[in-house]
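Here is how the chains run, residue by residue.
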Amino acid sequence: MLQLTAELTRGAFHLQVDCHLSEPVTGIIGASGSGKTTLLHMIAGLVPPSAGRIAIDDEVLFDSESGISVPPHRRRLGLVFQDCRLFPHLSVADNLIYGKRLLSPGEQRFSLEAVIELLELGALLRLRPGQLSGGQAQRVAIGRALLASPRMLLLDEPLASLDWRLKQQIMPFLRRVRDVTRIPMLYVSHDSKEILDLTDRVVVLEGGKMVGAGPVVDIIQDPRVLRQLRLQGLVNILPLIFMSHDREGSLTHLQLRPLVANACGNPVDVSGPLLDAPTGRDIHAMLRPEDIALARTRLTGVSIQNQIQGHVVRLIHTHDRDVCVVDIGIPLMVEISSHGAKMLDLAAGNPVWCLFKSSALQYLGHPLN
Amino acid sequence: MYWLSQEEWVVLGLSARVGICCAAGVAIPGIVCGWLLARTRFPGKALVDAILHAPLVMPPVVTGYLLLVVLGRRGLLGEILFRYFGITFAFTWKAAVIASAVMAFPLMVRSVRIAMEMADPKLEAAARCLGASPLRTFLTVTLPLARPGIMTGLVLAFARSLGEFGATIVFAGNIQGETRTLPLAIYNSMQSPGGDAAALRLVMVSILLSLGALIASEIMCRRFSSFEKGIE
């Protein structure tokens, strides 16, 4: 659990954050220059705040009033940098154990073997950082941070320098780190997709100010939060299970894994693009809010493959588009024109059908996609 | 090298000893000063920088004279050292080491400083976040990253010591078997009638040694950079 109240003034830039983070994974979203990286560096101890208090669990790391400032090497926080920062004079294996070597056996939470297996680093151990690809280097950097047995992982845009295909290769590793190690994570990114794939709890920064903190579907009511999230690519992430493949129709049938049983209590079927994956396997898929249409009744005579019933939870008006949160077992964000919203006469509680083409679904964490 | 006389072998041995002691002597102070100049800010830094570099621009004879004034048996510090500890430097081989170390020090500091300025502070921050104390970070990250510069500095110090003449002759004298290093022996041979052949031999030895040191440092640097790239 991280308590954070901090201020920092640097020239014209003023950073002010006040939050209390208790989720296993919290994303920090904001445009470049909004203070995301500075915030992480403050938590890690690399940048002292001008004023404030930072505490993790019950240990105070920084307190301007009592003059406490724990140096970075005693904070036990694993910072993973965007540029990896592997030591060029050490082999991959020596990079991995750099932090681990400084701990007593009792303080070590992971064995080298476990981390090598988790991040599939076995083939890289004898290489030098200069020989690694961007994705490999980032996996080594994550492993190195884990082996230092941090109380919390601070990830500073770890995927920003990678292309889409490489990002999809690394995301499953990050999910594995989240699920296997259970170390709390703070994940900074200017790309909402990455964050929403890991968690729905976010802190939104705009020009150094914290404009919102909490589950995405709850905080998008704030126009500043919604604006930022849309700028950084607001998407729905659907947790799905592969059911069957229709090779002739070039479709894959999936089922939604609901957080809670939906209104009708029926399993929700979803069709997506054909993907050769074993039945029963879990996958995350991305669905853009602007790729979904709403209807008051189920339509017939349309080619759209997905028609999912739900009910309106919330309607948010902005100057050009409306965002409607629909509960289909998970909250689904739908972006429609204000005119469309008026035409349907939508209000909270209304039953609606969410329509989207199978091709609008993009599988995540699947490099073949 | 059968063509060197017994006396010339003594000169060569002494030069090597003075050169190695000089490089060893400037190593740690040079690393510390290089780091201070590269990474810290303190009042009077420009002045310290100027004083450290002074031997590079002053006539070596002046440096030798100042050393004699400070460390000579009746010098400011020398007198205390002699009276209470019985230590004398002037006109011993140790004086030759001190003279060449003072002359070589700026070269060492310069190459260490440049290397430390090149070593990425971001890597040091990464080490700190992995649990390394500032001292450990310096020893395990900064120092290894600056290794090529340190190596170059040491070779330069060794080479400077082999060539040092002015400060040595003033502070250490020209004593056969004690302070007569290569350049002094060359000078001596040139002054003595019929010594031209001996001077030429020593000149060739001197050239070989200097080139050898440079090539050795080049090889060390190349090996280091290929290690980083993994082409070993």
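This structure is a prediction, so every number in the text was calculated from the model and none was measured.

Participant: Got a minute to help me understand the overall build of chain A in this structure?
Facilitator: Across its full length, chain A carries 9 helices and 21 strands. What you see for chain A is a C-alpha radius of gyration of 22 Å, in line with the 21 Å of a compact globule of 369 residues. Considering only C-alpha atoms, chain A reaches an extent of 65 × 50 × 30 Å along its principal axes. Put simply, 69% of the contacts in chain A that link residues at least 6 apart link residues at least 24 apart.

Participant: Is there a simple way to think about the domain arrangement of chain A in this case?
Facilitator: A common measure of how large an interface is: the accessible area buried when the components associate. All names here are of chain A. In terms of domain boundaries, chain A breaks down into domain 1 (2–231) and domain 2 (236–364). At the interface, 10 residues of domain 1 touch 11 residues of domain 2. It is helix α6 (residues 192–198) that provides the largest number of residues to the side of domain 1 that touches domain 2, a total of 3 residues. Taken together, the residues that form the side of domain 1 that touches domain 2 break down as 6 nonpolar, 2 polar and 2 charged.

Participant: Would you explain the environment of Pro150(A) in this entry?
Facilitator: All names here are of chain A. Among the secondary structure elements, proline 150 is positioned in the loop between α4 (134–147) and β8 (152–156). With 25 C-beta atoms counted inside 10 Å, the residue proline 150 sits in the buried group. Proline 150 sits 38 residues away from valine 188 along the chain, and the two C-alpha atoms are 17 Å apart. For proline 150, the contacting residues outside a window of four places in its chain are Arg76, Leu77, Gly78, Ala145 and Ile183.

Participant: Explain helix α3 (residues 112–119) of chain A here, please?
Facilitator: For the α-helix, the turn length of 3.6 residues means that residues three or four positions removed from each other point alike. Residues and elements named next belong to chain A. Residues of α3 that are buried: Val115, Ile116 and Leu119. Along the axis of α3, the buried residues cluster in a sector spanning 100°; they form a single face. For α3, exposure combined with an orientation more than 90 degrees from the buried face picks out Glu113 and Glu117. Looking at the packing, one finds that the buried side of α3 touches α4 and α5 (164–181). Trailing α3 by a residue or two, glutamate 120 shows a phi angle of about 50°, which is positive.

Participant: Could you clarify how one ought to interpret the interface of chain A and chain B in this entry?
Facilitator: Every contact between the two is made by 21 residues of chain A and, on the other side, 16 residues of chain B. Residues of the side of chain A that touches chain B, tallied by class, amount to 13 nonpolar, 5 polar and 3 charged.

Participant: What's the story with the pairing of strand β10 (residues 201–206) of chain A in this structure? I'm lost.
Facilitator: For a regular strand, side chains alternate in direction, first toward one face of the sheet and then toward the other. Residue and element names in this part refer to chain A. Most of β10 sits inside the fold, with 5 of its 6 residues counted as buried. Where strand β3 (residues 25–29) lies against β10, 3 bridges are found, and the strand directions are parallel. Bridge pairing in β10 links glycine 27 to valine 202.

What counts as what
Residues numbered from 1 in each chain as written. Chains lettered and ligands numbered in written order. Predicted model: local features only at pLDDT ≥ 70, side-chain atom pairs only at ≥ 80, totals over all residues. Helix = DSSP H or I, 4+ residues; strand = E, 2+ residues; numbered from the N terminus. Rg over C-alpha atoms; globule rule 2.2 N^0.38 Å. Contact = placed C-beta atoms within 7 Å. Domains from an automatic or database assignment. Nonpolar A, V, L, I, M, F, W, Y, C, P; charged D, E, K, R; others polar. Buried ≥ 20, exposed ≤ 12 C-beta atoms within 10 Å, placed from the backbone. Arc of directions from axis to C-beta. Pairing = 2+ DSSP bridges.

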